[in-house]
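The residues making up each chain are set out below.
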Number of protein chains: 2
Amino acid sequence: MVRIIDASLTRFGKRKEDLLTLSAEASREIVRKHGDIIDTVILSNSYSGEYCGVSGLNNLLTTRLSLDSIPSIRIDNTSGSGGSAILMAKSLIESGNAKCILLVGSEKMTGVPGGKSTSIIASLLHQEERMSGSTLPSLAGLLAKEYMKKFGATRESLALVSVKNHHNGSMNEYAQFTKEVSISEVLNSRRIADPLSIYDFCPVSDGSASILVADRETSETVAGRSVDILGCSHSSDTSAITSREELIRLNAVEQSVRNAYRQAGCDAGDMDFAELHDMSTILEIVESEAAGFFPRGSAWKSLLEGTTSLGGRIPINTSGGLISKGHPIGATGIAQATESFFQLTGKAKGRQVRNPERGLAVNMAGFGNSSTATVFGVVP
Amino acid sequence: MVRIIDASLTRFGKRKEDLLTLSAEASREIVRKHGDIIDTVILSNSYSGEYCGVSGLNNLLTTRLSLDSIPSIRIDNTSGSGGSAILMAKSLIESGNAKCILLVGSEKMTGVPGGKSTSIIASLLHQEERMSGSTLPSLAGLLAKEYMKKFGATRESLALVSVKNHHNGSMNEYAQFTKEVSISEVLNSRRIADPLSIYDFCPVSDGSASILVADRETSETVAGRSVDILGCSHSSDTSAITSREELIRLNAVEQSVRNAYRQAGCDAGDMDFAELHDMSTILEIVESEAAGFFPRGSAWKSLLEGTTSLGGRIPINTSGGLISKGHPIGATGIAQATESFFQLTGKAKGRQVRNPERGLAVNMAGFGNSSTATVFGVVP
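Residues numbered from 1 in each chain as written. Chains lettered and ligands numbered in written order. Predicted model: local features only at pLDDT ≥ 70, side-chain atom pairs only at ≥ 80, totals over all residues. Heavy atoms only, no water.

Draft legend 1. Seen up close, the overall build of chain A. Secondary structure summary: chain A contains 16 helices and 11 strands in total. The C-alpha radius of gyration of chain A comes to 19 Å, within 12% of the 21 Å expected for a compact globule of 380 residues. For the C-alpha atoms alone, the extent of chain A along its principal axes is close to 55 × 45 × 40 Å. Look at the contacts in chain A between residues 6 or more apart in sequence, and 78% of them connect residues 24 or more apart. As displayed, chain A offers around 12500 Å² of accessible surface, 49% of which is attributable to carbon and sulfur atoms. Averaging the locations of the 38 positively and 41 negatively charged side chains of chain A gives two centres separated by 3 Å. (Helix = DSSP H or I, 4+ residues; strand = E, 2+ residues; numbered from the N terminus. Rg over C-alpha atoms; globule rule 2.2 N^0.38 Å. Contact = heavy atoms within 4.5 Å. Areas by Shrake-Rupley, 256 points an atom, 1.4 Å probe, with all protein chains shown as cover. Lys, Arg positive; Asp, Glu negative; His and termini not counted. Charge placed at Lys NZ, Arg CZ, Asp CG, Glu CD.)

Now the structure itself:
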């Protein structure tokens, strides 16, 4: 069994620090407390070169953290990097090739103009679709239209995802946005990709998150509650989005979640909370169906009923999600684990779910190009 | 036991194909033969964004190879990416999280001017050293001077590494340079970093290499000889090169090799060949000492005696090494495994070592910033 024994993150948002400093910031306290047991460092980062002109960041980071002799690797899977890094860390430990791994997710994206940033991210798209001018926001707009048409979902239900996540984020001191937004503010905000407005999307962010994972034996040498990684599985779909059978079906998410549940010996009904990859409001809705929380085509109603709010049956994105907490690409998957650790160890403050035993994180790459699902739990 | 069951590579050099096409090229035949058993794809690549403006290359690659539903991850560790990717693949298999992994290493670097390329690679250096104008070639020049002064090595002995590797490369149809060079050509070639000349360095290259690794059970379903990964270990040193105790000691290489030998239950004397990371001639010499083939300060003499030539006691860089075969950053570590597979299965043609049972590969990142050592073998 692989366990998370500590977790930490920086404030997300527009940060003045450089990428290396920011990457180290989330780990300083963990290294101070547990530096002597760390034997491997895994960095989750996608765009250090494109945004910051830095390569070999994992090695620069171990030097900065005075962990010079600790081997390190960078894992990239665009927005899904953190989930992939968790799977790799778990495999390194389960195979006996490591005992205790510091996992650091980080990205600095606000140092370039917005248009350039959109173009950097669009470099993950299938060449033909990129040539046609597709961007990730434009695909989300298309998905929203199709979902609304097919299932009768209202524009308001989508906006409520943003309202809910901003509400949750207002209780997260690490979130980029800590101000609540009203449904009319969402609906009347600047249109980005019809029918979606700017509050329907995650912002461009800087930030870093860290978790410390270890095998059972090592975890037992450390004081404090730990969290088990009960299941972790990745799956893929074609990167050619227009060649998928259905735009509104996220096959990679469905399959990765199904496998993670199977590994964990549980089901959607056993989850007490979930961190989903809400790059846009519509994606949280579709993913909450892919995760088995709602039948297909019905998740939008849950927003009207409050089922996914704090205190609801299955609170989603208690951290504020990508929309309110922010989305520094390489940090996101690790930050989902950080929130899960906080929830399961009772450290989520005002946004704490009552006595949770299990939670799900879905970290998606591209536009459902791939997904890693992780089930976290505490043994009661 | 994790095994290599197939291997392939493209011609290295200046290639007209784009990065994605080149990345797919090395894998086409493997996918045609074994596509039905592949459950994971790992891409070793460092600079897709910086050189080619592409991200999410692993996912684009599975689409190109018609492996859409196969999950994929990109591993980066600059020049040492391939070694890190092998360690990750081995861990995924040993942990039971995968059974059969297609490992693809690729890079396309010739599409930008030489000065820009040097600057992209220099982005891995410690910030203070980079600010002082250090580049990887300049560090190699300093290392060469210090080694020659301390151990009385002759300039000619360094040049002989290049002569030997070009000779080996002349028998490798995939090598970037297939023409032999004479010692006077090396000595009289354009000075790059005193005392080193252009033939003392690897070129800027495009290329791709693939191996297919599997657990024992899966490997037994496939016809043909396979090669065991007997040991694989990574180690790190500080990225601040001027703060190392000695410039001429590659601690990361020493330690990774020692651990890989221990895992494999063997020693330097058991190796029948080695692929070392000859970014420059001096590095092959220092690494051959760090690998235990020669006492410290004496490896330069072996070049005069032919000990590391084909037919010598321990042939080094039978493939031509980075200097003659080329060095597409992300492909190099995988290409070392490819050469080891060819040698151990009797497919190395004119450069075949006689009946080898074990070989070592050292894949280094930065300037000894980190190293992954792998011991390959065939069970007699």
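Picking up after the structure, the text goes on.
Draft legend 2. How the structure looks around the nonpolar core. Counting 74 residues, the largest nonpolar core has A:Ile42, A:Leu103, A:Val213, B:Ile42, B:Leu103 and B:Val213 as its most contacted members. Ignoring any residue separated from it by four or fewer positions in sequence, one finds B:Leu103 in contact with B:Ile42, B:Ala85, B:Ile86, B:Ala89, B:Ala209, B:Ser210, B:Ile211, B:Val213 and B:Ile334. (Core = buried A, V, L, I, M, F, W, Y, C linked by side-chain atoms within 4.5 Å. Buried < 20%, exposed > 50% of the residue type's maximum accessible area, 1.4 Å probe, protein only.)

Draft legend 3. Local environment of a nonpolar patch on the surface. Together, B:Ile192, B:Ile198 and B:Tyr199 make up an exposed nonpolar region whose accessible area comes to about 220 Å². Following the sequence through the fold, B:Ile198 ends up in the loop between strand S6 (196-197) and strand S7 (206-215). (Patch = residues over 30% accessible without salt bridge, like charges linked within 9 Å, V, L, I, M, F, W, Y side chains within 5 Å. Salt bridge = Lys/Arg side-chain N within 4 Å of Asp/Glu carboxyl O.)

Draft legend 4. Layout of the packing of aromatic side chains. Residues and elements named next belong to chain A. Applying the stated rule across the entire model yields 6 aromatic pairs over all chains. Ring geometry for Tyr 47 versus Tyr 51: centroids 6.0 Å apart, planes at 85 degrees, classification edge-to-face. Tyr 51 carries the same exposure label as Tyr 47, and that label is buried. (Phe/Tyr/Trp six-rings, centres within 6.5 Å; stacked < 30°, edge-to-face > 60°.)

Draft legend 5. Quick look at helix H12 (residues 251-264) of chain A. Residues and elements named next belong to chain A. The end-to-end C-alpha distance of H12 is 20 Å, a good match for the 20 Å that 14 residues give at a rise of 1.5 Å each. When H12 is considered as a whole, its buried residues turn out to be Ala 252, Val 253, Glu 254, Ser 256, Val 257, Asn 259, Ala 260, Tyr 261 and Ala 264. Considering only its buried residues, H12 is in contact with strand S8 (227-236), helix H13 (281-290), strand S10 (358-365) and strand S11 (370-377). Just beyond H12, the residue with positive phi is Gly 265, at close to 65 degrees. (Expected span 1.5 Å × (residues − 1).)

Draft legend 6. Seen up close, the pairing of strand S1 (residues 2-9) of chain A. Residue and element names in this part refer to chain A. In terms of burial, S1 is largely enclosed, as 8 of its 8 residues are buried. The pairing of S1 with strand S7 (residues 206-215) spans 7 bridges and is antiparallel. Opposite Ala 7, over in S7, you have Ile 211 as the bridge partner. Looking at chain direction, S1 and S8 are connected through 2 bridges and run antiparallel. Counted as the bridge partner of Ile 4 is Val 227 from S8. (Pairing = 2+ DSSP bridges.)

Draft legend 7. Here's a closer look at the environment of B:Val379. With respect to the element layout, B:Val379 can be found in the segment after strand S11 (370-377). In the structure, B:Val379 is positioned 21 residues away from B:Arg358 in sequence and 9.1 Å away in space, judged by C-alpha atoms.

Draft legend 8. Main features of the interface of chain B and chain A. On the side of chain A, 53 residues touch chain B, which itself brings 53 residues to the contact. Taken over both partners, the interface formed by chain B and chain A buries close to 3900 Å², and the fraction arising from carbon and sulfur atoms is 47%. The interface formed by chain B and chain A includes 2 salt bridges. Salt-bridge contacts for B:Arg74 lead to A:Asp76; the nearest nitrogen and oxygen are separated by 2.7 Å. The interface formed by chain B and chain A includes 24 residue pairs in polar contact (both at pLDDT 80 or more). It is helix H5 (residues 81-94) of chain B that contributes the most residues to the side of chain B that touches chain A, 7 residues altogether. Of the pairings in the sheet, the one linking strand S3 (residues 72-76) of chain A to strand S3 (residues 72-76) of chain B comprises 3 bridges and is antiparallel in character. Directly across from A:Arg74, in S3(B), lies its bridge partner B:Asp76. (Buried area = accessible area lost by both parts, 1.4 Å probe. Polar contact = N/O pair within 3.5 Å; in protein donor to acceptor, adjacent residues only side chain to side chain.)

Draft legend 9. Representation of the relation of the copies chain B and chain A within the structure. Mapping chain B onto chain A is achieved by rotating through 180 degrees and translating by 0.0 Å along the same axis, at an RMSD of 0.0 Å. Expressed as a symmetry operation, the mapping of one chain copy onto the other fits a two-fold axis. (Least-squares fit on C-alpha atoms with pLDDT ≥ 70 in both.)

Draft legend 10. Spatial organisation of the pattern of salt bridges. Tallied over the full model, the rule gives 46 salt bridges over all chains. A salt bridge links B:Arg296 to B:Glu246, with the nearest nitrogen and oxygen atoms 3.1 Å apart. Here B:Glu246 lies in the loop between strand S8 (227-236) and helix H12 (251-264) and B:Arg296 lies in the loop between helix H13 (281-290) and helix H14 (299-305), a separation of 50 residues in the sequence. Overall, B:Glu246 belongs to the partly exposed group, its relative accessible area being 23%. B:Arg249 is paired through a salt bridge with B:Glu254; the nearest N and O atoms lie 2.9 Å apart. Take B:Glu254: its relative accessible area is 17%, and that puts it in the buried class. A network of salt bridges, in which partner residues are shared, links A:Lys150, A:Glu246, A:Arg249, A:Glu254 and A:Arg296.

Read these as layout, nothing more, since geometry by itself doesn't imply function.
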